[in-house]
Amino acid sequence: MEQKMANELNVFYPAAGKCSARIKIEQVKETANPDVLVGKAQLPLTDHVGKVVIYKTILQDGSIDLRAVSAYCPHQGYDISKDPLKADGNVYCSLHRRPICIYSEYNQAFAVENSGDEYWIIEN
Ligand code: FES
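The chain is annotated in an unreviewed UniProt entry as Rieske domain-containing protein of Saccharobesus litoralis.

So, in structure tokens, the structure goes:
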């Protein structure tokens, strides 16, 4: 399995999305990209369960950073789950090429913990 190392990213900031209670991510599945999983969760500040994308990055100490964002682009809702994470910390939505910040300074991604087959968005 080939995974993106933190030092391949030009920038690396902790997940900045605010979450006040643990949220279970259901139906987590692998994708064709080994660094990307998809699942379903009700993200903070939303009123429904929706598709989320979980990005995996191996940090320099060997631990794995997991963070989740909505799978739907904030511009017009296109599914970004097949769009790769770039070295600037953004996923570029393939419909209109707008950046969605995942690992850079202004990210609104949510920190995720994994135990066995379970994935949880954690409080911060
Ligand atoms: S829908 Fe993603 S950039 Fe427009």
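## Structural notes on the layout of surface pockets
Unfilled space is identified by rolling a water-sized probe across the atoms. Taken as a whole, the largest pocket holds about 350 Å³ of empty space. If you go around the largest pocket, you meet 18 residues; those closest to its centre are L43, V69, S70, Y72 and P74. When grouped by side-chain class, the residues that make up the lining of the largest pocket number twelve nonpolar, five polar and one charged.

## A few points about the side chain of D65
With respect to the element layout, D65 can be found in strand β4 (residues 64–70). Its relative accessible area of 14% is what places D65 among the buried residues. Among the polar contacts made by the side chain of D65, one reaches the side chain of R67 at a distance of 2.9 Å. Among the polar contacts listed, one links the side chain of D65 to the side chain of Y103, at a separation of 3.0 Å. If sequence neighbours within four positions are ignored, D65 has contacts with F12, Y55, K56, T57, L59 and Y103.

## Digging into the pairing of strand β7 (residues 110–115)
Sheet topology places β4 next to β7; two bridges connect them, and they run antiparallel. Residue pairing across strands places A68 opposite F110, the latter belonging to β7. As judged from the four bridges shared by β7 and strand β8 (residues 118–121), these two strands associate in the antiparallel manner. Within β8, the residue paired with N114 across the bridge is Y119. Hairpin connection between β7 and β8: a loop of two residues separates the two successive antiparallel strands, and G116 in this loop has a positive phi of roughly 60°.

Analysis parameters
- Residues numbered from 1 in each chain as written.
- Predicted model: local features only at pLDDT ≥ 70, side-chain atom pairs only at ≥ 80, totals over all residues.
- Heavy atoms only, no water.
- 1 Å grid on protein atoms, 1.4 Å probe; cavity = no way out; pocket = protein on both sides within 12 Å on 5 of 7 lines; lining within 4 Å.
- Points joined across faces, edges and corners; volume = space filled by probe spheres on them.
- Nonpolar A, V, L, I, M, F, W, Y, C, P; charged D, E, K, R; others polar.
- Helix = DSSP H or I, 4+ residues; strand = E, 2+ residues; numbered from the N terminus.
- Buried < 20%, exposed > 50% of the residue type's maximum accessible area, 1.4 Å probe, protein only.
- Polar contact = N/O pair within 3.5 Å; in protein donor to acceptor, adjacent residues only side chain to side chain.
- Contact = heavy atoms within 4.5 Å.
- Pairing = 2+ DSSP bridges.

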